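One-letter residues, chain by chain:
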Amino acid sequence: MAKRIHRISGAENGRRVESRLLEKRIQDAVRKGARKLEIEAMGQHGIGGRLWISKEEPVSVTITGSPGQRIGSKGFPGTSIEVMGPASDDVGWLNAGAEITIHGNASNGACNAMAQGKVFIAGNIGSRGMTMTKTNPRFEPPELWVLGSVGDYFAEFMAGGTAVVCGHEAQNPKNVLGYRPCVGMVGGRIFVRGPIDGFSQPDALMEPIDDETWAWLTANIQNYLRKIKRTRLLKRLTRREEWQLIRAKTPFEKKGRTRRSMHDFRANVWDRELGMGGMIGDLTSLDRSPIPLIVHGDLRRRVPVWENRKYMAPCQSSCPTGMPVQKRWQLVRDGLTDEAVDLALAYTPFPATVCGYLCPNLCMEGCTRSTQQGMAAVDITKLGREGHKSGPPKLPELSGKRVAVIGGGPAGISVAWQIRMKGHEAVVFDMAETLGGKIASAIPSSRVPKEVVEAEVERVAKVLPHVHLQQELKRGEFEELRDEYDYVVIATGAQKPRVIPVPGHERIYPALTFLKDAKRGRAKIGKKLVIIGAGNVGCDVATVAASVGAEDITLIDIQEPASFGKERKEAEAVGARFKWPCFTKEITEKGVLLQSGELLEADTVIMSIGDAPDIEFLPDNIALDRGHVVVNDDYQTTDSKVFAIGDVVRPGLLTHAIGHGRRAAEVIDDLFNGRRPQSDTAEMIDYTRMTLEYFDPRVIEFSDMNQCGAECSSCGSCRDCHICDTVCPQNAISRIEKDNEVGFERVVDPDKCIACGFCADSCPCGIWDMKAPAPME
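Residues numbered from 1 in each chain as written. Predicted model: local features only at pLDDT ≥ 70, side-chain atom pairs only at ≥ 80, totals over all residues. Heavy atoms only, no water.

Draft legend 1. Quick peek at the overall build of the protein. When its secondary structure is counted, the protein shows 23 helices and 34 strands. For the protein, the spread of C-alpha atoms along the principal axes amounts to about 90 × 75 × 50 Å. Relative to its 777 residues, the protein shows a buried fraction of 49%. Put simply, of all contacts in the protein between residues at least 6 apart along the chain, 62% involve residues at least 24 apart. As displayed, the protein has an accessible area near 38100 Å², and 49% of this comes from carbon and sulfur atoms. Counting 100 positive and 101 negative side-chain charges, the protein places the averaged centre of each group 5 Å from the other. (Helix = DSSP H or I, 4+ residues; strand = E, 2+ residues; numbered from the N terminus. Buried < 20%, exposed > 50% of the residue type's maximum accessible area, 1.4 Å probe, protein only. Contact = heavy atoms within 4.5 Å. Areas by Shrake-Rupley, 256 points an atom, 1.4 Å probe, with all protein chains shown as cover. Lys, Arg positive; Asp, Glu negative; His and termini not counted. Charge placed at Lys NZ, Arg CZ, Asp CG, Glu CD.)

Shown next as structure tokens:
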């Protein structure tokens, strides 16, 4: 998915912004969803550091201008920083995982006290680089790569990590490591190419580069040169005879003593002075026999735990509706295809329209196959497009509770559908002539077949018989609904097209109006068309416009277009051109006049910059924020009887609107039944737990649902494949039948298990986890 670049300037009104204010603006932008940032620096410090969200959602920061000290300080895993020029002191100070690339020289203190992450320097660095670094064995050690030479006191008190000094175009070609390197060095290693004038031999030693180490260096130097855009140097920098390796001495090497064996220590120190016949020999009954190499029972340092369905699959976690995608593929594998199709109705009233056609398929973006191994994600559309064939679900008896739903679009139908499925009456009020909102009235038939939409709307009508169409509510009528019903849900969406108030804006044809007119066969446009706003809706406009007579189509935007996926491809297929950055000055009879003075000729100008909610009917006690209704985590407004969902709360995808409806219905049902609303607290399973070597990486598309089901790794839910039973060398795993939803469980015999971890390492579903045992008493 294409991401917008969020630009922040280090200057304001010609004056430098303070470092703390710039960092606050960066943090605020990331908190609001920005994941690609471009910072125009003016000497500010600490840019790119402390972006904690990057561990879950990677953040990239590009820095132009003149950054100050401590670039990427306290950087976090998932943060990538690229400085388009030189950098000042303390690059990567206290770095905890960020990847930092400097396209130029760096000054003093580079990577000071760094614990994780990588720093790539495309030039030379100053003194005291890579000092006081550290390494936690649980994480990857820190790395510093320098194309040229380093300054004095390099690697002083270095305690871990790897430094690579390439010596290319070095500032000091006669001594690329500077004066007195490696003083106090206690850990880590340094690869160096080029002449050096000695190093602290009490603290470090030079040793040959073995084949395994050389393979690591050559593989990683390729990545380094790509990062700094110097791949042409690969051949020159991979001549093995030019490289030397310096590593820290171990404590025993520093003292000149050999390491004492455990047997020797036990016999000549422990037992002689303390145990056995020592001072406490007669006070303890501890078993002093050596622990065998292969242990069982309580002596195991790790024990396998079967965590079936404890964690949520990535596909389900990525879906705003909470659809258990992996469970549907399990049903397909079990031969229950109809049940797999019908299961979707518990989560969405539009399984075919949305999951099969309109959704950008966030579940596939989150699929372990594509995320971890670059394989094709299991194709949910194969299952989703069958959804229009499902009949209405079986409905429970009505409880007597009633909910008014204002809005008959995806959000409104979703919440009404879920409320009825829970046994309560939902009554829908909408201004349109038919149910479905934009799905039925505006989205082109090229995106989703008309018969699919009609079938799903017809099914909705059978579940929701109480629908009042062409009902435009005023404030007084809203108050009456609030008094008459137990709860009211606002799901009116965004129906007011946004229009930039530039001169000539009255000539603009709003995108939503155009799409609705086109769907009714009433749209009339000229041959030359300019579309202001190049998002996915703008692409839909372009595609539809081409079908009704437009021949020359240009989409413009103030930044790189955010359009992506099928909509972008279809717009490009009809010859639409994309142009940015463009700032509209005026709409004239001849077309769009830009602030640059350029005129884009057009017979018709359509504006597609989004739509706004129409909420004039709401009373004053319902709080608003910039035109949207304010809600809590349960979608409850400042009026406890009124909920709000969908685009009236915040812009989003169709699946977000449907997910809002499902959650609001759960909360309302809890309130009806006297329960405190509880959210799903299940965590997503760690991607690294799944083993995907069983699946064919050559599969790039799927022929049918059965193949999709077979290729799903069923993350977090046991496939009952018996792989763990088979690979266990001790036959310690038993499958026990259970009278529950799963039907079975797997247990481990501790007297047989040797904690080898084969079960966890081989499980395609990530069910097994090796955990620390309970402490022995």
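Draft legend 2. Here's a closer look at the side chain of N124. Tracing the backbone through its elements, the reader meets N124 in the loop between β8 (116–121) and β9 (143–146). A distance of 3.0 Å separates a polar side-chain atom of N124 from the backbone nitrogen of Q171. Here N124 is in contact with N105, A106, V146, G148, S149, E169, A170 and Q171, once residues within four sequence places are set aside. (Polar contact = N/O pair within 3.5 Å; in protein donor to acceptor, adjacent residues only side chain to side chain.)

Draft legend 3. Structural context of the sheet that holds strand β24 (residues 584–588). Taken in spatial order, the three strands make up an open sheet running β24-β25-β26, and their pairing is antiparallel. Two strands lie at the open edges of the sheet, namely β24 and β26 (599–601), each paired on one side alone. Strand-to-strand twist across the sheet, computed as the mean angle between neighbouring axes with direction ignored, equals 20°. Relative to β26, strand β25 (residues 591–594) is paired through three bridges, and the arrangement is antiparallel. Within the sheet, the bridge partner assigned to G591 lies in β26 and is E601. (Pairing = 2+ DSSP bridges. Axes fitted to C-alpha atoms, helices over the stretch in contact; angles between N-to-C directions.)

Draft legend 4. Main features of helix α1 (residues 19–31). Taking 1.5 Å per residue as the helical rise, α1 with its 13 residues ought to reach 18 Å, and the 18 Å between its terminal C-alpha atoms agrees with that figure. When α1 is considered as a whole, its buried residues turn out to be S19, L22, I26, Q27, A29 and V30. Projected down its long axis, α1 carries its buried residues within an arc of 160°, all on one side. Residues of α1 that are exposed and angled more than 90 degrees away from the buried face: R20, K24 and R31. Tucked inside the fold, the buried residues of α1 contact β1 (5–9), β3 (15–16), β4 (36–42) and β5 (59–66). Remark: G33 follows α1 within two positions and exhibits a positive phi of approximately 115°. (Expected span 1.5 Å × (residues − 1). Arc of directions from axis to C-beta.)

Draft legend 5. Summary view of the state of the cysteines. Scanning all chains against the criterion turns up zero disulfides. Just so you know, C111 is unpaired, no disulfide at all, and the nearest cysteine sulfur is the one on C166, 14 Å from it. Look at C111 and you get buried, because its relative accessible area is 0%. Not engaged in a disulfide, the cysteine C753 finds its nearest cysteine sulfur in C756; these two sulfurs lie 6.6 Å apart. (Disulfide = S-S within 2.5 Å.)

Draft legend 6. Quick look at the sheet that holds strand β23 (residues 577–579). In spatial order, the strands read β20-β27-β21-β22-β23; together these five strands make up an open sheet with parallel pairing. Here the strands that pair on one side only, and so sit at the sheet edges, are β20 (509–510) and β23. Sheet topology places strand β21 (residues 528–532) next to strand β22 (residues 552–556); five bridges connect them, and they run parallel. Of the residues in β22, the one forming a bridge with L529 is I553. Sitting on the sheet, helix α18 (residues 536–547) touches β21, β22, β23 and β27 (604–607), and the angle it makes with β22 is about 175°.

Draft legend 7. Structural view of the side chain of D669. Tracing the backbone through its elements, the reader meets D669 in helix α20 (residues 654–672). Classification of D669 as buried rests on a relative accessible area of 11%. When near neighbours in sequence (up to four residues on either side) are disregarded, D669 contacts K422, H424 and R675.

Draft legend 8. Region of interest: the pairing of β27. Judged by which residues are buried, β27 turns out to be covered on both faces: T604 and I606 on one side and V605 and M607 on the other are all buried. In terms of strand pairing, β20 meets β27 through two bridges, oriented parallel. Across the sheet, P510 pairs through a bridge with M607, a residue of β27. Bridge count between β21 and β27: four bridges; the pairing is parallel. Following the sheet pairing, V530 is matched in β27 by V605.

Draft legend 9. A look at the pattern of salt bridges. Counted according to the given criterion, the structure contains 54 salt bridges. Between E156 and R128 there is a salt bridge; the shortest N-O distance is 2.8 Å. You can see E156 sitting in the loop between β9 and β10 (159–165) and its partner R128 sitting in the loop between β8 and β9, a full 28 residues away along the chain. Overall, E156 belongs to the buried group, its relative accessible area being 12%. Because the salt bridges share partners, they merge into one network encompassing E307, K310, R689, D769 and K771. (Salt bridge = Lys/Arg side-chain N within 4 Å of Asp/Glu carboxyl O.)

Draft legend 10. The environment of H263, seen in detail. Within the element layout of this structure, H263 appears in helix α5 (residues 262–273). Among the residues examined, H263 registers a relative accessible area of 65% and is labelled exposed. Between the C-alpha atoms of H263 and I5, which are 258 residues apart in sequence, the distance is 62 Å.

Draft legend 11. Highlighting the packing of helix α13 (residues 410–421) against helix α15 (residues 450–463). Taken N-terminus to C-terminus, the directions of α13 and α15 make an angle of 45°; their axes are 10 Å apart at the nearest point. It follows from the interaxial angle that α13 and α15 lie oblique. As for how α13 packs across α15, the hand of that crossing is left-handed. Where α13 approaches α15, its residues I413, W417 and R420 are matched on the opposing element by R459, V460 and V463. Grouping the amino acids of the contact of α13 with α15 by side-chain chemistry returns four nonpolar, no polar and two charged. (Parallel < 35°, antiparallel > 145°, perpendicular 65-115°, else oblique. Left-handed = near helix turned anticlockwise from the far one by under 90°. Nonpolar A, V, L, I, M, F, W, Y, C, P; charged D, E, K, R; others polar.)

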